[in-house]
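Residue-level listing of the chains:
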Amino acid sequence: MKFRNLALTLLLISAKALAQQSSADTLQTAKGVLSIQPVQHASLVLTVESLTIYADPDGGGDKYKGYSEPDIILITDIHGDHFNPATIAAVKTVKTLLVVPQAVADKLTAEDRAKAIVLRNGEQTTQAGITITAIPMYNPPGGPDAKHPKGRGNGYVLNIGGKNIYLSGDTEDIPEMRALKNIDVAFVCMNLPYTMDVNHAADAVLAFKPRVVYPYHYRGQNGLSDVNVFKRLVEEGNKNITVRLRNWYN
């Protein structure tokens with residue numbers, strides 16, 4: 001009976017891993033095929049060659065059992081749906097590097113802080129051939145009373161094998177996002193009252209023209225934002241932009 005239960009458990013884990021792999025999107029890069037896997041809300045997994053990146057891992061270690069262990073963990077902000085110490089502790093390994101803003105570094109354990117790279121808005125680092133640039137994310141006008149003051153958190157642009165991947169983090173429609181160039185894949189938030197509504201998000205996307213955009217982080221105070229409206233607004237505004245809707249809220 002014990003062996004049957006073990007076999008069943010392994011089968012379920014295997015099935016989950018296969019389901020995750022089959023639902024991943026892919027992008028060809030100079031480093032090989034990049035796997036793009038939504039997990040939940042603001043959490044996603046990117047894998048290229050033998051390198052795996054987790055962005056804002058949340059939801060507990062079980063959410064990540066079907067994925068490779070993270071070489072890099074990106075954290076955008078101090079809020080619990082982005083910075084979850086328990087989930088980080090469950091998924092990290094001795095080789096995992098954390099890339100964080102200073103506000104997050106201040107809340108890390110001494111062990112994690114020693115392995116963290118701190119980026120301020122506009123700064124960049126290159127790790128394992130991946131260039132990571134910190135992009136502002138904030139609620140205008142960005143003062144200390146804002147839900148997301150300017151300079152506290154980071155969006156990120158990752159250059160992976162010549163392709164640029166943008167993670168907005170928690171932001172409104174800000175000039176720094178509109179000024180982005182040559183973005184191949186963008187993950188853009190839209191949840192009131194914390195970030196922006198679908199109309200502002202669509203308008204911003206039409207300004208910086210990513211080739212592919214995923215609405216993510218769209219659970220707000222009044223439930224889920226209408227990402228179908230976002231998709232319609234973007235694709236009617238620019239037929240060269242593809243909007244991919246994925247299930248971030250199982």
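Residues numbered from 1 in each chain as written. Predicted model: local features only at pLDDT ≥ 70, side-chain atom pairs only at ≥ 80, totals over all residues. Heavy atoms only, no water.

**Thoughts on the overall build of the protein**
Heads up, the condition is: We count a stretch as a helix when DSSP gives it H or I for four or more residues in a row; a strand needs E for two or more, and each element gets its number in order from the N terminus. Every radius of gyration here is taken over C-alpha atoms, with the globule rule written as 2.2 Å times N^0.38, N being the number of residues. Exposure is judged per residue with a 1.4 Å probe applied to protein chains only, and the accessible area is read against the type maximum: over 50% gives exposed, under 20% gives buried, and values in between give partly exposed. It only takes one pair of heavy atoms within 4.5 Å for two residues to be counted as in contact. Where accessible areas are quoted, they stem from the Shrake-Rupley method and a 1.4 Å probe; at the residue level, only the protein chains shown are allowed to cover. Working convention for charge: Lys and Arg count positive, Asp and Glu count negative, and His plus the chain ends are omitted. Note that the charge is assigned to NZ on lysines, CZ on arginines, CG on aspartates and CD on glutamates.
A count of helical and extended segments in the protein gives seven helices and 16 strands. Taking 2.2 N^0.38 as the reference for a compact globule, 250 residues should give roughly 18 Å; the C-alpha atoms of the protein span a radius of gyration of 18 Å, in line with that estimate. Projecting the C-alpha coordinates of the protein onto the three principal axes gives extents of approximately 60 × 40 × 40 Å. With 250 residues in all, the protein has 52% of them scored as buried. Here the analysis covers contacts within the protein between residues at least 6 apart in sequence; of these, 54% occur between residues at least 24 apart. Only carbon and sulfur atoms are counted for the fraction: they give 53% of the accessible area of the protein, which is about 11,500 Å². Between the averaged position of the 26 positive side-chain charges in the protein and that of its 24 negative side-chain charges there is a distance of 5 Å.

**Regarding the pattern of salt bridges**
To keep it simple, the criterion reads: By salt bridge we mean one thing: a side-chain nitrogen of Lys or Arg within 4 Å of a carboxyl oxygen of Asp or Glu.
Enumeration over the complete set of coordinates arrives at 13 salt bridges. Two residues, R244 and D25, come together in a salt bridge whose shortest N-O distance is 4.0 Å. Of this pair, R244 sits in the segment after β16 (242-243) while D25 sits in strand β1 (residues 25-29), placing them 219 residues apart in sequence. For D25, a relative accessible area of 12% gives the class buried. Salt-bridge contacts for R232 lead to E236; the nearest nitrogen and oxygen are separated by 3.7 Å. Of this pair, R232 and E236 both sit in helix α7 (residues 227-237), four residues apart, which is roughly one turn of the helix. Taking relative accessible area as the criterion, E236 reaches 55% and is therefore assigned exposed.

**Description of the sheet that holds strand β11 (residues 163-167)**
Defined as follows: At least two bridges found by DSSP between two strands are what make those strands a pair. To obtain an axis, a line is fitted to C-alpha atoms, over the contacting stretch when the element is a helix, and the angle between two such axes runs from 0 to 180 degrees between their N-to-C directions.
The mixed open sheet is built from seven strands, whose spatial order is β8-β9-β10-β11-β12-β13-β16. Edge positions in the open sheet fall to β8 (124-127) and β16, since each of these has one partner strand only. Along the sheet, helix α6 (residues 198-208) makes contact with β11, β12 (185-188) and β13 (212-215), crossing β12 at roughly 160 degrees.

**Comments concerning the confidence of the model for the protein**
The condition that has to hold: On a range of 0 to 100, pLDDT expresses the predictor's confidence in each residue.
Looking at the protein, the pLDDT average stands at 91 and 91% of residues meet or exceed 70. Counted against residues more than four places away or in other chains, residues 1-22, with its pLDDT under 50, gives eight contacts.

**Remarks on the nonpolar core**
Convention followed: What makes a nonpolar core is a set of buried Ala, Val, Leu, Ile, Met, Phe, Trp, Tyr and Cys residues whose side-chain atoms join them at distances within 4.5 Å.
L158, F187 and F230 are the most contacted members of the largest nonpolar core, which has 57 residues in total. F187 has contacts with I36, L44, I165, Y166, L167, S168, Y214, Y216 and W248, leaving out every residue within four places of it along the chain. One finds V45, I88, A105 and L108 within the second-largest nonpolar core, a separate group that totals 16 residues.

**Concerning unusual backbone geometry**
Residue P141 is reached from P140 by a cis peptide bond, and omega for that bond is 5 degrees. For P141, the location among the structural elements is in the loop between β9 (130-137) and β10 (153-160). A cis amide bond, omega 5 degrees, links L192 with the succeeding residue P193. Turning to its location among the elements, P193 is positioned in the loop between β12 and α6.

**What to know about the environment of V99**
By secondary structure assignment, the location of V99 is in strand β6 (residues 97-100). By relative accessible area, V99 is classed as buried at 0%. Sequence-wise, V99 and T125 are 26 residues apart; in three dimensions their C-alpha atoms are separated by 9.0 Å. Aside from chain neighbours lying at most four places away, what touches V99 is I72, I73, L74, I75, I117, L119, I132 and Y156.

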